[in-house]
Amino acid sequence: MDIKNNYYLIQQRIKETCARSGRNSGDVKTVVVTKTVQIPAIQEVIKAGATIIGENRIQDAWQKYEQIGSRVSWHLIGHLQTNKVKRAVQIFNVIESVDSLHLAEEINKRAKEAGKTIDIFVQVNTSGETSKFGLHPDDVESFITRLEALENIRITGLMTIGAFLPDPEKVRPCFRMLYNLRQELLDKKITKNLYHLSMGMTNDFEVAIEEGATLIRIGRAVFGERN
Ligand SMILES: *Cc1c(COP(=O)(O)O)cnc(C)c1O
């Protein structure tokens, strides 16, 4: 397993996809998902140029954060329980998985206590799969409207996990839905900082870039298959 080379290959594929779809490759960043690996592997991918690390468990993220620190940006991409928000606010620059008012309020409260403003993304369920976290697309507008009152969070993006289908073309409608949703929210002036679309993983990131992803979340293509 050559982490550095894998990371370079991903960057190459991002460039090619952007060139093909008329996008600027500087507008697509990689969140390297390190949930399956330990600190040496993370250090290696940082050496290769990674600047954003994605984790889905607070306990693991804390241990890694203690070693690696804030020379990279930390994104939480997994479900967050309310009782772990305090710690999450200490570690993460962006919480990508916000999908309830209760959670948003807790993040706001803890961020305020810490004297910070935290960037959050609203997680949207674009696949209709019931096992997934995330809001129904129809509920996002009213949700964001309520969040606007919370002063210590800033809504800067939407995140989705596409359908788990082997053919990336079949996932395209999920990504397109997220893009259109952001456009609609911006057109209606529901919120003003909504820039990011976090969508696309190892299997389908090229399609996600074609559909407007600003952040792709990549684990296996960098670190190989693990469980
Ligand atoms: C694990 C994970 C990823 C990375 O998936 P790969 O298929 O390994 O690239 C991306 N997003 C979320 C939310 C994840 O949990």
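Further up the page is the structure itself.
Below, the structure is looked at part by part. (Residues numbered from 1 in each chain as written. Predicted model: local features only at pLDDT ≥ 70, side-chain atom pairs only at ≥ 80, totals over all residues. Heavy atoms only, no water.)

1. As for the overall build of the protein chain
Line of reasoning, step 1. On a plain count of helices and strands, the protein chain comes out with 9 helices and 8 strands.
Line of reasoning, step 2. Its C-alpha atoms give the protein chain a radius of gyration of 17 Å, within 12% of the compact-globule value 17 Å for 227 residues.
Line of reasoning, step 3. Its C-alpha atoms give the protein chain principal-axis dimensions of about 45 × 40 × 30 Å.
Line of reasoning, step 4. Counting the 227 residues in the protein chain, one finds 51% classified as buried.
Line of reasoning, step 5. Counted over contacts in the protein chain with a minimum sequence separation of 6, partners at least 24 positions apart contribute 60%. (Helix = DSSP H or I, 4+ residues; strand = E, 2+ residues; numbered from the N terminus. Rg over C-alpha atoms; globule rule 2.2 N^0.38 Å. Buried < 20%, exposed > 50% of the residue type's maximum accessible area, 1.4 Å probe, protein only. Contact = heavy atoms within 4.5 Å.)

2. Digging into the site of the ligand
Line of reasoning, step 1. Taken together, V33, K35, I77, I161, M201, T202, R217, I218, G219 and R220 are the residues near the ligand.
Line of reasoning, step 2. For the ligand, an oxygen atom lies 2.7 Å from a polar atom in the side chain of K35.
Line of reasoning, step 3. In the environment of the ligand, an oxygen atom lies 2.7 Å from a nitrogen or oxygen atom belonging to the side chain of R220.
Line of reasoning, step 4. Residue composition of the shell around the ligand, grouped by class: 5 nonpolar, 2 polar and 3 charged. (Near = heavy atom within 4 Å. Polar contact = N/O pair within 3.5 Å; in protein donor to acceptor, adjacent residues only side chain to side chain. Nonpolar A, V, L, I, M, F, W, Y, C, P; charged D, E, K, R; others polar.)

3. Describing the pattern of salt bridges
Line of reasoning, step 1. Summed over all chains, the structure comprises 14 salt bridges.
Line of reasoning, step 2. For E169, the salt bridge identified is with R172, shortest N-O distance 2.8 Å. With E169 and R172 both in helix 7 (residues 168–187), this residue pair falls 3 residues apart, about one helical turn.
Line of reasoning, step 3. A residue is classified by how much of its surface remains accessible, and E169, at 43% relative accessible area, is partly exposed.
Line of reasoning, step 4. The salt bridge involving K188 is made with E184; its shortest N-O contact spans 3.6 Å.
Line of reasoning, step 5. By relative accessible area, which is 44% here, K188 ends up partly exposed. (Salt bridge = Lys/Arg side-chain N within 4 Å of Asp/Glu carboxyl O.)

4. Examining the pairing of strand 5 (residues 118–124)
Line of reasoning, step 1. Taken across its 7 residues, strand 5 has 7 buried, putting it largely inside the fold.
Line of reasoning, step 2. Burial of the side chains of strand 5 extends over both faces: I118, I120, V122 and V124 are buried on one face and D119, F121 and Q123 on the other.
Line of reasoning, step 3. Note that strand 4 (residues 94–98) and strand 5 share 3 bridges and pair parallel. Of the residues in strand 5, the one forming a bridge with I95 is I120.
Line of reasoning, step 4. As a crossover connection, the stretch from strand 4 through helix 5 (residues 101–113) into strand 5 is right-handed.
Line of reasoning, step 5. Across 7 bridges, the pairing between strand 5 and strand 6 (residues 153–160) is parallel. Residue pairing in the sheet places I120 in a bridge with I155 of strand 6.
Line of reasoning, step 6. Between strand 5 and its parallel partner strand 6, the chain crosses via helix 6 (residues 140–147), and the hand of that crossover is right-handed. (Pairing = 2+ DSSP bridges. Right-handed = clockwise from strand over helix to strand, strands pointing away.)

5. Observations regarding helix 1 (residues 3–20)
Line of reasoning, step 1. For helix 1, which comprises 18 residues, the first-to-last C-alpha distance of 26 Å matches the rise-based estimate of 26 Å (1.5 Å per residue) to within 8%.
Line of reasoning, step 2. Those residues of helix 1 that sit buried are I3, N6, Y7, I10, I14, T17 and C18. Along the long axis of helix 1, the arc covered by the buried residues comes to 115°, so they all point the same way. When the buried face of helix 1 is taken as reference, the exposed residues oriented beyond 90 degrees from it are A19 and R20.
Line of reasoning, step 3. Buried residues belonging to helix 1 abut strand 1 (29–33), helix 2 (39–47), helix 8 (205–210), strand 8 (215–218) and helix 9 (220–223). (Expected span 1.5 Å × (residues − 1). Arc of directions from axis to C-beta.)

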